[in-house]
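Okay, here's what each chain looks like letter by letter:
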Amino acid sequence: MPVYRAPVEDTLFVLNDVLKYERYNNLPGFADATPDIVEAVLREAGRMAEEVFFPINQTGDQQGCTRHDDGSVTTPKGFREAFEQYKEAGWMGLAFDPEYGGQGLPYTLHSAVGEYFSSANMAFTMYPGLTQGAMAAIQVHGSDEQKRTFLPRMVEGAWTGTMNLTEPHCGTDLGLLRTKAVPQPDGTYKISGQKIFISAGEHDMSENIIHLVLARIEGAPEGVKGISLFIVPKVAVNDDGSLGEPNGVSCGSIEEKMGIHGNATCVMNYDEATGHLIGEENKGLKAMFVMMNEARLGVGLQGLAVSEIAYQNAVTYARERLQGRALTGPKATDKKADPIIVHPDIRRNLMTMRAYNEAARAFILWAALKSDVAHRSEDESDRELSEEMMGLLTPVIKGVLTDKGFDHTVMAQQVYGGHGYIEEWGMSQYVRDARIAMIYEGANGIQALDLVGRKLPANGGRAVQAFFKEVGDFCEDNRGDEKLTFFTKHLKKGLNDLQAATMWFVQNAMAKPDNAGAGSHDYMHLFGLVTLGYMWALQAKAANEKIAAGANGDAQFLDAKLVTGRYFMERVMPETGAHLARISSGADSMMELPEEAF
């Protein structure tokens, strides 16, 4: 049976020692998040993840969701009870505006908690995750009346939310969508059409589901310029906030999926359902992208989360499974064989997963802090630059961490050998669950194109230049620190490769756009490696400082941190050179074959 333990100590190290979390206590919500409060929140989140959500993960995968003849959906055994505990504990509104019932704590803390919940039960955590994205979109673009009507009940968890973009004939190219909205005399709209792949589209855990639906108002321009966003409740909401009659919304079917069986991924049918316009007509994509960007960060977090639980189980198995003898001679002399953790190839898998996970955790929290600055700082220039940095980092977080999350579940499965292919051991579920994260909320190829085509040149490249400067300054400022030389040397090499790749695009992609498309995937992963390498350099600096101060009882933890960071720099960071070489080769061999030759 699988196991899970929330990595609270590592999270606290990143927040307190690496990111110096307390420096931000001038921002709204941070003063309430004292070190004691942060630790208490993390430990309680870890407890709930381990004791409430994790025990129903494997059974939820096995049972899945059931659609009934009336269109209703039943979630797996234990999900409703777990969601009640989630609601009662106030997790839904942890970082949300207190005006609507939230606690107003930092998004950074919300992100840390989200890792534990997603590791413990990815399918379950998607229900509140989609709701929080819908809440964000309503808060930013909804009218005051819409906020008052919907947000308190969603923050409470009594109502949940979804996002409805994809249709049978269109996914990424939303300009092709056909769902229509017909204006009504009372200012509402009648929404008709079909949406597919709708996570948490129908279930039995809340009394109402607030669907955010993209549709085209009759007579609107073609393409993405004619798309509007609507609130379409499953059950109509009366003027006094009470529930009225069922709306024209129904679940036509549940998708038969490879993984995340515990989440109801629905085909949703809208038959003249009453909808309420959010924001301006034909400006729906702008409003939906608030939710999309939040969802993409959440999906990147899923990549880390599933990688972490896969790693933990691979370590457990590697310590217990006896097979062969160590190349340097028997280690378990009292046994007929050694545990497989003695073998270098097993260590390669374990160390690679661990090194990525610990850097990815720091990356997520570092980025979340920038999000908090973007939304909470009183300094306009700080807000603007942090917003631009988040725009730059979002496709990297989503694309790189989910690609690697899937790779690592496969590595963990490999550690198990034949048992990894058998369902009862649990590794198959992590592989299957991880695979979707590379696809939804914008497939990773789209993330790479977004990074190269839109985010790099935005505002004259201000965000990427700020990133280059931050990493470069760190290397320069710590050049005289002998304990960091190893880390800064490898980081500087990676940064040089990233800057060279960026310049190559500047010189070769304008005249030949296929060069940008052909190199975008490698560029995204090159950017990711440099960012993760930077996270390791920051962690190494913090670990050395803490050791110099006496280690405070954490000597073993800090020594392991430095060894893991050294592994990343030695064995992973050199891949930046391969990415640069592929980028610099251009698009010719990739695009030369005529279609009929395939």
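The structure this text deals with has already been given above.
Attention in this report is confined to the structure presented alongside it. Quantities reported herein were computed from a predicted structural model and do not represent experimental measurements.

Cut-offs used in this document
Residues numbered from 1 in each chain as written. Predicted model: local features only at pLDDT ≥ 70, side-chain atom pairs only at ≥ 80, totals over all residues. Heavy atoms only, no water. 1 Å grid on protein atoms, 1.4 Å probe; cavity = no way out; pocket = protein on both sides within 12 Å on 5 of 7 lines; lining within 4 Å. Points joined across faces, edges and corners; volume = space filled by probe spheres on them. Helix = DSSP H or I, 4+ residues; strand = E, 2+ residues; numbered from the N terminus. Nonpolar A, V, L, I, M, F, W, Y, C, P; charged D, E, K, R; others polar. Buried < 20%, exposed > 50% of the residue type's maximum accessible area, 1.4 Å probe, protein only. Contact = heavy atoms within 4.5 Å. Salt bridge = Lys/Arg side-chain N within 4 Å of Asp/Glu carboxyl O. Pairing = 2+ DSSP bridges.

**With respect to the layout of surface pockets**
Unoccupied space between atoms shows up once a probe the size of one water molecule is rolled over them.
So, point 1. Considered as a void within the structure, the largest pocket measures approximately 1,100 Å³ in volume.
So, point 2. Every residue lining the largest pocket is counted, 39 residues in all, and those nearest its centre are Ala136, Val290, Glu294, Ser371 and His375.
So, point 3. Going through the elements one at a time, helix 5 (107-120), helix 6 (122-141), helix 8 (284-320), helix 9 (344-376), helix 10 (380-415) and helix 12 (444-455) are the ones with two or more residues in the lining of the largest pocket.
So, point 4. Of the residues in the lining of the largest pocket, the class split is 16 nonpolar, 13 polar and 10 charged.

**Observations concerning the environment of Val530**
So, point 1. Among the secondary structure elements, Val530 is positioned in helix 15 (residues 513-548).
So, point 2. Given a relative accessible area of 0%, Val530 falls into the buried group.
So, point 3. It is 15 Å that separates the C-alpha atoms of Val530 and Ser520, two residues lying 10 residues apart in sequence.
So, point 4. Leaving out residues up to four positions away in the same chain, Val530 has contacts with Phe467, Leu491, Gly494, Leu495, Leu498, Met573 and Thr576.

**What about the pattern of salt bridges?**
So, point 1. Under the defined criterion, the tally for this structure stands at 36 salt bridges.
So, point 2. Residues Lys87 and Glu84 are paired through a salt bridge, measuring 2.9 Å at the closest nitrogen-oxygen approach. Here Lys87 pairs with Glu84, and both are found in helix 4 (residues 79-88), just 3 residues apart, close to one helical turn.
So, point 3. With relative accessibility at 36%, the residue Glu84 sits in the partly exposed group.
So, point 4. With a closest N to O distance of 3.1 Å, Lys546 and Asp554 form a salt bridge.
So, point 5. One salt-bridge network, held together by shared partners, links Asp10, Glu115, Glu308, Arg354, Glu358, Arg361 and Lys561.

**Considering empty space enclosed by the protein**
So, point 1. Taken as a whole, this structure holds 4 cavities of 30 Å³ or more when the rule is applied.
So, point 2. Taken as a whole, the largest cavity holds about 540 Å³ of empty space.
So, point 3. His110, Gly129, Gln132, Glu294 and Gly298 are the residues nearest the centre of the largest cavity, which is lined by 34 residues in total.
So, point 4. For the lining of the largest cavity, the per-class residue count stands at 21 nonpolar, 11 polar and 2 charged.

**Concerning the pairing of strand 11 (residues 265-278)**
So, point 1. Pairing between strand 5 (residues 189-199) and strand 11: 8 bridges, direction antiparallel. Its bridge partner lying in strand 11, Gly193 is registered against Tyr270.
So, point 2. Looking at chain direction, strand 7 (residues 228-233) and strand 11 are connected through 3 bridges and run antiparallel. Pairing of Ile231 across the sheet is with His276, part of strand 11.
So, point 3. Both strand 10 (residues 249-254) and strand 11 contribute to a ladder of 5 bridges, which runs antiparallel. Bridge pairing in strand 11 places Ile254 opposite Cys266.

Geometric values such as these leave the question of function open.
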